[in-house]
Amino acid sequence: FEWPRLGTPAGKPAGNAETWLPTLVQGDLLAATQKELDRDPDPFRGSGLQKVAEIAAGSGWFEQITAVRREPGGVVKVEGQWRIPAAVVRLQGVDHLVARKGEVLPLAFERGGSTLRAIIGAQQTPPAAGGQFIPGSVWPGADVRAGLDLLAVISSRPWQDQVAAIDVSAYQTKKQLVIVTQSGGRIVWGGAINESIPGQVPAEVRLKRLDVLQNQYGAIDARHRVVEVAGPRTLVDDSATAN
């Protein structure tokens, strides 16, 4: 496998560079594909390579498999476009890893065990088999997708490290996303990035309002106040701190 490198887009090989893919996951992929090759070792048959492609694709880690071929020295090379972890979806105290489009990746952490930002309050769960979420399946619900889209936009902002999570629990009923900061502050963001909702300003305006709060208070949550940036004007509640 050409393991994905740190800081590179999907599909870029790691070579000898450091990869973000955990060693345990690498071992599982190698073991599963080697098992299939051992079952069908004949180099003149394509069925073994086909099985390897199916195992790799079914792992959930790949957007697509582009090639599986035999090379000199008994090496079987698997190439594909890797899915890159984008966030975790927190469900009953477990953080489930997901890619940019909400695809479930076969890795989970105890609450807060990942360095990735969390999406909390999701109203639905992915399809499961054998008590486990099916790898590669897309987490259902417009709320999770809206949270991922907001995280993607936030990632270009200089204050992005202040964001701990996106609370999507009120999205289905109120079209409301809430940014949760590392200090526990809550910023009522409003609807999804590409939604046009009466009474709510465009997303770019909301982002600029957070830039202003950062400049004014040194923190986008205005130093642990309750903030709302979706309406006609920025609201900062100086009488109460966030919970």
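Structure: see above.
This structure is a prediction, so every number in the text was calculated from the model and none was measured.

In terms of residue burial, strand β4 (residues 94-99) counts as a mostly covered element, since five of its six residues are buried. Two strands pair when backbone bridges link them, and strand β3 (residues 85-91) and β4 are joined in this way by six bridges, in the antiparallel orientation. If you follow alanine 87 over to β4, its bridge partner there is valine 98. In this structure, the hairpin formed by β3 and β4 is closed by a connection of two residues, where glutamine 92 is found at a positive phi of approximately 50°. Across four bridges, the pairing between β4 and strand β5 (residues 104-110) is antiparallel. Opposite valine 94, over in β5, you have glutamate 110 as the bridge partner.

The next thing to look at is the nonpolar core. Counting residues in hydrophobic clusters, the biggest one holds 33 residues, and the most contacted among them are Ile166, Ile179, Trp189 and Leu210. Those elements giving two or more residues to this core turn out to be β3, α3 (142-154), β9 (163-167), β10 (177-181), β11 (186-190) and α5 (203-217). When residues in this core are grouped by element, the largest group, six residues, is from α3. Counting residues in each nonpolar core, the second largest holds 23 residues, with Phe1, Val68, Val88 and Ala99 among its members.

This next bit is on the side chain of aspartate 221. Residue position: aspartate 221 is located in the loop between α5 and β12 (225-228). Only 2.9 Å separates the side chain of aspartate 221 from the side chain of serine 183, close enough to count as a polar contact. Of the polar contacts made by the side chain of aspartate 221, one reaches the backbone nitrogen of arginine 223; its length is 3.2 Å. With near-sequence residues (within four places) excluded, aspartate 221 lies in contact with Thr181, Ser183, Gly185, Ile187 and Val227.

Time to look at the pattern of salt bridges. Close approach of charged atoms allows side chains with opposite charge to pair. Counted under the stated rule, the structure contains 15 salt bridges. Measuring nitrogen to oxygen at the nearest pair gives 3.0 Å for the salt bridge that ties lysine 77 to glutamate 2. Taken together, the residues span a long stretch of sequence, with lysine 77 in strand β2 (residues 75-82) and glutamate 2 in the segment before α1 (23-39) at a distance of 75 residues. A salt bridge links aspartate 167 to arginine 186; the nearest nitrogen and oxygen atoms lie 3.0 Å apart. With aspartate 167 in strand β9 and arginine 186 in strand β11, this pair connects stretches of sequence that are 19 residues apart.

Thresholds, definitions, all that
- Residues numbered from 1 in each chain as written.
- Predicted model: local features only at pLDDT ≥ 70, side-chain atom pairs only at ≥ 80, totals over all residues.
- Heavy atoms only, no water.
- Buried < 20%, exposed > 50% of the residue type's maximum accessible area, 1.4 Å probe, protein only.
- Helix = DSSP H or I, 4+ residues; strand = E, 2+ residues; numbered from the N terminus.
- Pairing = 2+ DSSP bridges.
- Core = buried A, V, L, I, M, F, W, Y, C linked by side-chain atoms within 4.5 Å.
- Polar contact = N/O pair within 3.5 Å; in protein donor to acceptor, adjacent residues only side chain to side chain.
- Contact = heavy atoms within 4.5 Å.
- Salt bridge = Lys/Arg side-chain N within 4 Å of Asp/Glu carboxyl O.

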